[in-house]
Each structure stands twice: as C-alpha cells, then as structure tokens.
Amino acid sequence: MALLTVRHPDTKPTVGTAGTATVAITRTDLAQQEKTDGKLGFAGSYTVTASSALPFASSSAGTRGAQLDGGKDTGGSGTLTALPTVGQVIKRGHRVYGVDGTSVTLWYGSVPFWRQLTTGVTDGADVKELEQNLKALGYGSGLTVDKHFTDATAEAVKRWQKALGVTQTGRFGRGDVVVEPSALRVTKVVGVLGGSPSGNVLEATGTDRVVKVDLKADKASLAKKGAAVQVQVPGGTTMTGHVSDVGTVATAPDNSGNSPGGGGDQQPGSGTEKATVPVQVTLDKPTQAGKLDQAPVTVLFTSTEHKGVLAVPVTALLATVEGSYAVRVVEADGATRLVAVELGLFADNTVEVSGSGLYEGMKVQVPSQ
C-alpha cells in the first residue's frame, strides 16, 4: 500500500539507524486542553467599616465616649490612633486599627456582632462565634463552645481583655473587634490617623491565591468544581490548581454605547457568542506564585482525557493514500513490518493508537530528524 509519512518538527526521538530512530510504544494518560486567559490575584473582597460603638466603651475605664442604653452601645466620638499599611496581612487576634490607643483586632466569623454580650444575654449564634474565637486565641480554658453565654464565657472574655490591656469587665461590645471570614490582606487604607473612627476604614482581600477566569459560556462544561487545571504565569512557570468555584450566571460585555438597554451597533446574537461565566481557580501551591498580583495568566482546562492508553509520537504515523494509518514496527532482529492502527486522542505531539498485536514497549520507527 502507498504511504505518506506524517512528520512533526517538535518531536525528538531517540536516534537509531541513519535517517530513522526507534521509540517504544508507551502506556500513558493523554489529555486535550483548552487554553483561556485569566488573572492571578487574591480571593475575596472586603471593606472594613468602623463600628459606631467604640471599642470597650462599656468598660469602667469608659472615657472613650459611648454610653450604654438598655444593654446596647450607642456610639460616641473617638480618634483613629493606628492604621495598617497597604500589603499588610492581618491574622486572627492581630490589630486591624486603633481607637484612642485601644486595638481593634480581627476575629474570624460570618455573624456581625450586633449587641452587647454579657451574662444573662439570650442564646445566639453571635455568642457561639465569640466563644469560638476566644477558644482559638487560647483564652477558652474550661469553655464550652455553644450559643449560651455562661460565667466561663465571661471569664474567658476577661482573660482576653487583660491581654489587650483594657478593663476586665467580662462584657463584650459590638465595636470591640472586626469580624471577617479569614485573614485579611490590606489593599487600600481609607481612614486617616487623627480622624474619626466612622465609615470605611480600609479595603482588603483574603490571602488565598486564586486565578479568576471569564470562561466563554459555550465552554463552561470544562470547569467542573474540583477539576485539576494548569496555570501558566509570566516567566514560563506552570503551576497546578483546581477549580474552586463556578458561576451560575453568564454575562456579556456591554457594547451598546450610550444605550443602557443594549442594542446599538451589536449584531443579533453577538451577546450570546460573547457571554462568559466566572470561574475561580485555587492554586495547589500558592507560594509558587510569589508576589504576583493582578498578573495575566493562561489557564489550561482539560477537555478530554483518556487514561492508560497506548501512545506513540505523531511522527511514527504513516498515512496511506486510502486515508488509513499504520506504524512501522521494528523487530528484535531489526526487521520491520507495517501494522495498521486506529487513532484516538492527540495531545502534546503524541497520539493514542490501537491495533492488533500492539503492546507496551514494542519498538516503532520514526524519522531521526
């Protein structure tokens, strides 16, 4: 049968006889990948706002302005005496900002503190969050974490207050801490030293390194939560990661000019073609990203994967004029013979093959150059 050699310039086989070389058929996993642009940054976006209730305003030291009214802080005047710097990472128990010389520290949680917590207060999720943080910070000896504020809770609060150097009342006010889901990385400081502790104080992100991708809606099936991906960053480094979040709403860019309702010069159907779904990728080894922030990256999603298949370099293929394919098998004595093959997945200059008599380790012929 007439043959045509299929060559690929990037394949580098082991050199054999003049003009040819031999390579072994391998059993491997092959995957086809879809490339898309992304941006490397940090997870989350937070705005830290100063409480109208000043920190520890209910303590007997109480010269910081706020009074109590029915067990609730009513707020008062104060002065910002400490602020973080851009790029600073703030962890649980560390100061976020200072008011009148008192540190307002970071606690982890999802429930904003909205009332004063003290012995006799009704049970609630905020009490549990208080106790969880006291325990995590090492002040919860003998403390049971639940929704009930007990004498043990009050004692734990006192130990925490003593460590901060404030009056040990055993009462907790809603302005005593900043609550966010995790550690913060400061991106912008809004408050001013000497200014009033009210309104927005700073903006921040989380500390987890993530890649954000606007994936074309018609490719959304590539992004399955938990799926492994590769991330190529500036400088040529390739890192591994996994899909941590996939949006459920597709959006299209607004190219409508001054028409907020859409239309303009857009062609019918162009919005559908350009629609994207937000996808978030978390890096497996975040330290590999260094200090890169808002850096453009390329994300490789696996579109098709075949595991444990026989594969040869693309250059081993011999195409017949009839449209079928073969490989030239090299026997132990140097003799060669053609074996017809069926092609499967192509990936990285390698192709999946199957055919009668093929096995792992069998030698096939490829061009040496």
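Everything discussed here concerns the structure shown above.
Nothing here was measured: the structure is a model prediction, and the numbers come from that model.

Peer 1: Would you take a moment to explain the sheet that holds strand β7 (residues 80-82) for this structure?
Peer 2: Strand pairing in a sheet relies on backbone hydrogen bonds. The paired strands run either parallel or antiparallel. Judged by pairing direction, the sheet is mixed, and its four strands sit side by side in the order β7-β9-β10-β11 without closing on themselves. Taken across any chain shown, the strands that pair with only one partner, and hence form the sheet edges, are β7 and β11 (177-180). Strand-to-strand twist across the sheet, computed as the mean angle between neighbouring axes with direction ignored, equals 35°. Note that β7 and strand β9 (residues 95-99) share two bridges and pair antiparallel. Directly across from Leu 80, in β9, lies its bridge partner Val 99. On the sheet, helix α1 (residues 125-136) packs against β10 (102-108) and β11 and is oriented at approximately 100° with respect to β10.

Peer 1: Is there a simple way to think about the packing of α1 against helix α2 (residues 151-164) in this case?
Peer 2: Axis angle and axis distance: for two packed helices, these are the angle between their axes and the distance between the axes, and together they describe the pair. Between α1 and α2, whose axes approach to 10 Å, the crossing angle comes to 50°. On the basis of the axis angle, α1 is oblique to α2. Regarding α1 and α2, the two cross each other, and that crossing is left-handed. Residues Leu 130, Glu 131 and Leu 134 of α1 touch α2, and the partners they reach there are Thr 153, Ala 156, Val 157 and Trp 160. Tallied by class, the residues present in the contact of α1 with α2 amount to five nonpolar, one polar and one charged.

Peer 1: Can you help me understand the sheet that holds strand β13 (residues 199-205) in this one?
Peer 2: Within the open sheet, the four strands sit side by side as β4-β13-β12-β8. Their pairing is antiparallel. The two strands at the open ends of the sheet, each matched to only one other strand, are β4 (46-50) and β8 (89-90). In terms of strand pairing, strand β12 (residues 184-189) meets β13 through four bridges, oriented antiparallel. Looking at β13, one finds that Arg 185 is bridged to Thr 205.

Peer 1: What am I meant to see in α2 here?
Peer 2: Along an α-helix, residues three or four positions apart point the same way, because every turn accommodates 3.6 residues. Compared with an ideal rise of 1.5 Å per residue, which puts 14 residues at 20 Å, α2 spans 20 Å between its outermost C-alpha atoms and is within 8% of the ideal. Of the residues making up α2, those classed as buried are Thr 153, Ala 154, Ala 156, Val 157, Trp 160 and Gln 161. For α2, the angular spread of buried residues about the axis comes to 160°, placing them on one side. Residues Asp 151, Lys 162 and Ala 163 are exposed on α2 and point more than 90 degrees away from its buried face. The inward-facing, buried residues of α2 abut β10, α1 and β11. One side-chain oxygen of the residue at the start of α2 lies 3.2 Å from the amide nitrogen of Ala 152, identifying that residue as Thr 150. Positive backbone phi, approximately 80°, marks Gly 165, located one or two places after α2.

Peer 1: Is there a simple way to explain the packing of aromatic side chains in this structure?
Peer 2: Two measures describe an aromatic ring pair: the distance that separates the ring centres and the angle between the ring planes. Tallying each qualifying case throughout the model produces six aromatic pairs. Taking 6.2 Å as the distance between ring centres and 75° as the angle between the ring planes, the aromatic pair formed by Trp 107 and Phe 113 counts as edge-to-face. For Trp 107, a relative accessible area of 0% translates into the label buried. Using a relative accessible area of 9% as the deciding quantity, one classes Phe 113 as buried. Between Phe 113 and Phe 172, the ring centres sit 4.7 Å apart and the planes meet at 65°, which makes this aromatic pair edge-to-face. Note that Phe 113 is positioned in the loop between β10 and α1 and Phe 172 in the loop between α2 and β11, a separation of 59 residues in sequence. Here a set of aromatic residues connected by ring pairs shows up, and it is made of Phe 56, Trp 107, Phe 113, Trp 160 and Phe 172.

Peer 1: Looking at this model, I keep getting lost on unusual backbone geometry. Mind explaining?
Peer 2: Phi is positive for Asp 100, which is not a glycine, with a value near 50°. Along the chain, the position of Asp 100 falls in the loop between β9 and β10. Notably, Asp 348 is not glycine yet its phi reads approximately 50°, a positive angle. By the element assignment, Asp 348 lies in the loop between β21 (336-347) and β22 (350-354).

Peer 1: Just checking my understanding: could you explain empty space enclosed by the protein for this structure?
Peer 2: Summary: where empty space remains is shown by rolling a probe the size of a single water molecule over the atoms. One pass over the structure, following the stated rule, counts one cavity of 30 Å³ or more. In this structure, the largest cavity encloses a volume near 30 Å³. Every residue along the wall of the largest cavity is listed here: Ala 50, Ser 51, Ala 53, Leu 54, Pro 55, Tyr 97, Val 99, Gly 175 and Pro 197. Along the lines of polarity and charge, the residues of the lining of the largest cavity split into seven nonpolar, two polar and no charged.

Peer 1: I would appreciate a short explanation of the layout of surface pockets in the present structure.
Peer 2: Empty space within the largest pocket amounts to approximately 260 Å³. If you list the elements that add at least two residues to the lining of the largest pocket, you get β4 and β11. By residue class, the composition of the lining of the largest pocket is eight nonpolar, five polar and two charged.

Peer 1: Before we go on, may I ask you to explain the pairing of strand β16 (residues 238-246) in this structure?
Peer 2: Of the strand pairs in this sheet, strand β15 (residues 228-232) and β16 are connected by five bridges, and their pairing is antiparallel. Note that in β16 the partner of Gln 230 across the bridge is Thr 240. Hairpin connection between β15 and β16: a loop of five residues separates the two successive antiparallel strands, and Gly 235 in this loop has a positive phi of roughly 100°. As judged from the five bridges shared by β16 and strand β17 (residues 276-283), these two strands associate in the antiparallel manner. Within β17, the position partnered with Val 246 by the bridge is Val 279.

Conventions used here
Residues numbered from 1 in each chain as written. Predicted model: local features only at pLDDT ≥ 70, side-chain atom pairs only at ≥ 80, totals over all residues. Heavy atoms only, no water. Pairing = 2+ DSSP bridges. Helix = DSSP H or I, 4+ residues; strand = E, 2+ residues; numbered from the N terminus. Axes fitted to C-alpha atoms, helices over the stretch in contact; angles between N-to-C directions. Contact = heavy atoms within 4.5 Å. Parallel < 35°, antiparallel > 145°, perpendicular 65-115°, else oblique. Left-handed = near helix turned anticlockwise from the far one by under 90°. Nonpolar A, V, L, I, M, F, W, Y, C, P; charged D, E, K, R; others polar. Expected span 1.5 Å × (residues − 1). Buried < 20%, exposed > 50% of the residue type's maximum accessible area, 1.4 Å probe, protein only. Arc of directions from axis to C-beta. Polar contact = N/O pair within 3.5 Å; in protein donor to acceptor, adjacent residues only side chain to side chain. Phe/Tyr/Trp six-rings, centres within 6.5 Å; stacked < 30°, edge-to-face > 60°. 1 Å grid on protein atoms, 1.4 Å probe; cavity = no way out; pocket = protein on both sides within 12 Å on 5 of 7 lines; lining within 4 Å. Points joined across faces, edges and corners; volume = space filled by probe spheres on them.

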